[in-house]
Amino acid sequence: MIPECNIPLASPQDFSVDYDVKWCPGCGGHAVLSSIKKTLPELGIPKEKFVFVSGIGCSSRFPYYINTYGFHSLHGRGAAIASGIKVSNPDLSVWLATGDGDSMAIGGNHFIHILRRNIDVNIILFNNKIYGLTKGQYSPTTPAGSITKTSPDGTIENPFLPGELAMGSNATFFARVIDTDPKMMKEVFIKAAQHKGTSLVEVLQNCVIFNNKVHEDITGKEVRDENQLYLEHGKPMLFGKNKEKGIVRAGSKFIVGEIGKNGVSLADVLVHDAHNLEGTRHYQLSRMTLPDYPVALGVIRQCETDVYETLLEKQIVAAKARSSVKCVNDLLMSGNTFKIN
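Residues numbered from 1 in each chain as written. Predicted model: local features only at pLDDT ≥ 70, side-chain atom pairs only at ≥ 80, totals over all residues. Heavy atoms only, no water.

A. Layout of the packing of helix 1 (residues 29-39) against helix 6 (residues 182-194). Two numbers describe how helix 1 lies on helix 6: the axes approach to 9 Å, and their chain directions differ by 50°. In terms of axis orientation, helix 1 runs oblique to helix 6. Judged by the twist between their axes, the crossing of helix 1 over helix 6 is right-handed. Residues Ala31, Val32, Ser35, Ile36, Lys38 and Thr39 of helix 1 touch helix 6, and the partners they reach there are Pro182, Met185, Lys186, Phe189 and Ile190. Looking at side-chain class alone, the contact of helix 1 with helix 6 contains 7 nonpolar, 2 polar and 2 charged residues. (Axes fitted to C-alpha atoms, helices over the stretch in contact; angles between N-to-C directions. Helix = DSSP H or I, 4+ residues; strand = E, 2+ residues; numbered from the N terminus. Parallel < 35°, antiparallel > 145°, perpendicular 65-115°, else oblique. Left-handed = near helix turned anticlockwise from the far one by under 90°. Contact = heavy atoms within 4.5 Å. Nonpolar A, V, L, I, M, F, W, Y, C, P; charged D, E, K, R; others polar.)

Below you can see the structure in the form of structure tokens.
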């Protein structure tokens, strides 16, 4: 828990740097950065308590572009660094900025283990489905068949769905947002920060140079009403221009129903329960893809369970209480010791 402090809280401007942000003009990263700067002052946490950690990639330049403590670490190792910072300094608000290449490929092992351990770290996953910093190679989230610089005949690999990977890792918080909706990003980032445990927010981000319009089928103005399902806990899963469509159950599967047609009524539309620890429905929501379903956005899963560093601290306290060693002298005089006359 972040302790109360009398130091004045910061404004969004306080988190700005006085030099140029060197992402490409039009990069979705700018919108993410702006949303984070608007989020942090609303968390009630003193500015000096924030730490941003990253690995390698375009997204991982994030710590340079926000005026907090930061750590630009090694490729794929940001999760390990962030874990160590949080466990040893539980009063800090620790954030990890990572990309689909950094976290899903070389950092894949660290990624799944921070999720299963449930360390109180907030992960922002910039998913542009390409290696942008190294100029356009396919990544673990690039759709099969995509033509890239390293797949001139099309990729032949099945891509990761980050949400699916999160569910398989027993993640307690998973959300998905789009970089074209700052209001949605801010709402979700606040919920992620307030969650006790590891929170993962996948940002569907555009790479204007090497994978431009990769999420256009979801974010485009002409299609967004039909192709986006914004989830809110306790509310029916409705979408469409006039909220005339919804997710209904057919056996063990989800299907899209239109209210007033084929016997579908508002009462048939499923109500989102983000807090249900049994994650089957969250898993189904995370896997919904076009063209059969709208893409689920917002907080898909938010469950409260034990947090790693809290359990660890309890173990340390209990071990100290059991031990006969209370000081250095006790330690030196313990075990096999002898005296020289």
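Now that the structure has been shown, we can carry on.
B. Local environment of the state of the cysteines. Under the criterion given, the structure shown has 0 disulfides. We note that cysteine 24 lacks a disulfide partner, and the nearest cysteine sulfur, in cysteine 27, lies 6.4 Å from it. The exposure class assigned to cysteine 24 is partly exposed, which follows from its relative accessible area of 37%. (Disulfide = S-S within 2.5 Å. Buried < 20%, exposed > 50% of the residue type's maximum accessible area, 1.4 Å probe, protein only.)

C. Layout of the pairing of strand 5 (residues 173-178). Within strand 5, 6 of the 6 residues are buried, leaving the element largely enclosed by the surrounding structure. Residue alternation in strand 5 divides its side chains into two sets, Phe173, Ala175 and Val177 and Phe174, Arg176 and Ile178, and both sets are buried. Note: strand 5 against strand 6 (residues 199-204), 6 bridges, orientation parallel. Note that in strand 6 the partner of arginine 176 across the bridge is glutamate 202. Crossover connection from strand 5 via helix 6 to parallel strand 6: handedness right-handed. Taken together, the 4 bridges between strand 5 and strand 11 (residues 295-302) define a ladder with antiparallel strand orientation. For alanine 175, the partnering residue across the bridge sits in strand 11 and is valine 299. (Pairing = 2+ DSSP bridges. Right-handed = clockwise from strand over helix to strand, strands pointing away.)

D. Geometry of a nonpolar patch on the surface. The grouping of Val328, Leu332 and Met333 at the surface amounts to a nonpolar patch, some 340 Å² of accessible area in total. With respect to the helices and strands, methionine 333 occurs in the segment after helix 11 (328-332). A residue is classified by how much of its surface remains accessible, and methionine 333, at 53% relative accessible area, is exposed. (Patch = residues over 30% accessible without salt bridge, like charges linked within 9 Å, V, L, I, M, F, W, Y side chains within 5 Å. Areas by Shrake-Rupley, 256 points an atom, 1.4 Å probe, with all protein chains shown as cover. Salt bridge = Lys/Arg side-chain N within 4 Å of Asp/Glu carboxyl O.)

E. A look at the sheet that holds strand 7 (residues 228-231). If you trace the 8 strands from one edge of the open sheet to the other, you get 2-1-3-4-6-5-11-7, paired in mixed fashion. The sheet is open, and its two borders are formed by strand 2 (69-72) and strand 7, each paired with just one other strand. The average undirected angle you get between the axes of adjacent strands in this sheet is 20°. By the bridge criterion, 5 bridges tie strand 1 (residues 50-54) to strand 3 (residues 93-99) in an arrangement that is parallel. Within the sheet, the bridge partner assigned to valine 53 lies in strand 3 and is leucine 96.

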